[in-house]
Amino acid sequence: MGLFRKLKAVLRDDWCGTCQVPMDTTFQRIYTLPMTVGHYRAHKNPAYYLENLRRVSGEIMPGVYVCELTAYRCPDCGRRVVRLCIYLPVRGNRKFEDTYEFTHGELDELLRQP
């Protein structure tokens, strides 16, 4: 049973990699990135996202990349994870580009914004 739970934690975004249990979603918000179709560049540095993410306050402009930020917390060990999922909305579908995981509180500033 332990092997199955570890495999599930690796394959599922919302499972704790330490305890192999489902994590609670504590925060979720959508932002836009200052990039358009054909101009996407991957950024692994969290400082880039702190500086450039803009909260969506209405409709998303066509051809603009979207960043979905989701914060999780493990109910057993208290581990906190923030995942950024970057995609381009195309005709009601999502064309995924990258997913980044931050585990050391690098994006806590975004979680505190109203």
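Structure's up top.
Now for a description of the structure that goes with this document.

Conventions and cut-offs
- Residues numbered from 1 in each chain as written.
- Predicted model: local features only at pLDDT ≥ 70, side-chain atom pairs only at ≥ 80, totals over all residues.
- Heavy atoms only, no water.
- Pairing = 2+ DSSP bridges.
- Helix = DSSP H or I, 4+ residues; strand = E, 2+ residues; numbered from the N terminus.
- Salt bridge = Lys/Arg side-chain N within 4 Å of Asp/Glu carboxyl O.
- Buried < 20%, exposed > 50% of the residue type's maximum accessible area, 1.4 Å probe, protein only.

### A few points about the pairing of strand S5 (residues 93–102)
Note on strand geometry: in a regular strand, side chains alternate between the two faces of the sheet.
Then comes step 1: Here strand S4 (residues 80–90) runs beside S5; their pairing, made up of nine bridges, is antiparallel. Looking at the pairing, leucine 84 lines up with tyrosine 100 of S5.
Then comes step 2: Counted between consecutive antiparallel strands, the loop separating S4 from S5 contains two residues, among which arginine 91 sits at a positive phi close to 50 degrees.

### What about the pattern of salt bridges?
Then comes step 1: This structure, assessed with the given rule, holds five salt bridges.
Then comes step 2: Notably, a salt bridge pairs arginine 94 with glutamate 68, separated by 3.3 Å at the nearest N-O pair. Pair noted here: arginine 94 is in strand S5 and glutamate 68 is in strand S3 (residues 64–73), with a separation of 26 residues, a long-range link.
Then comes step 3: Owing to a relative accessible area of 45%, arginine 94 belongs among the partly exposed residues under this scheme.
Then comes step 4: Here arginine 80 and aspartate 108 are joined by a salt bridge, their closest N and O atoms 2.6 Å apart. Here the residue arginine 80 occupies a position in strand S4, and aspartate 108 occupies one in helix H3 (residues 108–112), the gap between them amounting to 28 residues.
Then comes step 5: When salt bridges that share partners are traced, they join Arg79, Arg83 and Glu101 into one network.

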